[in-house]
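Residue-level listing of the chains:
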Amino acid sequence: MATNRINRIDEEVKRALSEIIRNDVKDDRLSGMTTVTKVEITPDLKFGKVYVSVYGKEKEKRASIDALTHGASFIRMKLAGAVDLRRVPELAFVLDDSIEYSIKISKLIDDVNSKETK
């Protein structure tokens, strides 16, 4: 039962963070192609790990993570106003390469399928 509650909180925080990053964070280092893919909040609501996918080169990815880490206190303040939680978690931003990995695997599968049909 507690896991359902944490899952709902994770999804609500993910939605709110996506909006905050898209609309409120004004850092030139932040890529326009930044997406929050997953949020994991601890059951005591003290800490949260935010998985972020950034489309672009490695330098842009690192710059975006640096921008989010640098603005974490501002993002946390905005999050406090966006979600109704007793405690707003400390946020840690982590680069998530799962989308790019999925695209790479899909492309490899397509290449194998096209070779088989020839």
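Everything numeric in this text was worked out from a predicted model, so none of it was measured.

Caption draft 1: Examining helix H3 (residues 72-82) more closely. Listing the buried residues of H3 in full gives Ala72, Ile75 and Leu79. When H3 is viewed along its axis, its buried side chains cluster within an angular range of 60 degrees and face the same direction. Within H3, the exposed residues directed more than 90 degrees away from the buried face are Ser73, Met77 and Gly81.

Caption draft 2: Structural context of the sheet that holds strand E1 (residues 34-41). Pairing in this open sheet of three strands is mixed, and the strands run E1-E2-E3 from one edge to the other. The strands lining the two open edges of the sheet, one partner per strand, are E1 and strand E3 (90-95). When strand polarity is set aside, the average angle formed by the axes of neighbouring strands in this sheet is 25 degrees. With six bridges joining them, strand E2 (residues 47-54) and E3 adopt parallel strand pairing. When the bridges of E3 are listed, Lys49 appears paired with Ala92.

Caption draft 3: Focus on the confidence of the model for the protein. Here the protein averages 89 in pLDDT, while 98% of its residues score no lower than 70. Mean pLDDT values for the elements of the protein range from 83 in helix H4 (residues 98-117) up to 95 in E3.

Caption draft 4: Structural context of the environment of Ala92. Along the chain, Ala92 falls in strand E3. Taking the C-alpha atoms as reference, Ala92 lies 7.8 Å from Phe47; in sequence the two are 45 residues apart.

Caption draft 5: Summary view of the packing of aromatic side chains. Scanning the model with the defined rule gives zero aromatic pairs in all. One residue, Lys38, lies across the ring of Tyr51, its end atom 5.8 Å from the ring centre.

Caption draft 6: Expanded view of the environment of Asp84. Considering the arrangement of structural elements, one finds Asp84 in the loop between H3 and E3. For the pair Asp84 and Glu12, spaced 72 residues apart in sequence, the C-alpha to C-alpha distance is 9.8 Å.

Criteria and thresholds
- All residue numbers refer to positions counted from 1 along the written sequence of the respective chain.
- This being a predicted model, a pLDDT of at least 70 is required before a residue's local features are given, and a value of 80 or more before pairs of side-chain atoms are given or counted; all residues contribute to the totals for chains, interfaces and linings.
- To obtain the side-chain values, all non-hydrogen atoms of the structure were used and water was disregarded.
- Residue exposure (1.4 Å probe, protein chains only): buried if accessible area is under 20% of the type maximum, exposed if over 50%, otherwise partly exposed.
- A run of H or I in DSSP counts as a helix once it spans at least four residues, and a run of E counts as a strand once it spans at least two, with each numbered from the N terminus.
- Note: the arc covers the axis-to-C-beta directions of the helix.
- At least two DSSP bridges between two strands are needed for those strands to be called paired.
- Structural elements are reduced to axes, namely lines fitted to C-alpha atoms, with helices fitted over the stretch in contact, and the angle between N-to-C directions of any two is expressed from 0 to 180 degrees.
- Confidence of the predictor at the level of single residues is captured by pLDDT, which takes values from 0 to 100.
- Two rings from Phe, Tyr or Trp (for Trp, the six-membered ring) form a pair when their centres are within 6.5 Å of each other. A pair whose planes differ by under 30 degrees is stacked, one over 60 is edge-to-face, and the rest are tilted.
- Distance and angle both matter: a charge sits over a ring if NZ of Lys or CZ of Arg is within 6 Å of the ring centre and within 35 degrees of the ring normal.

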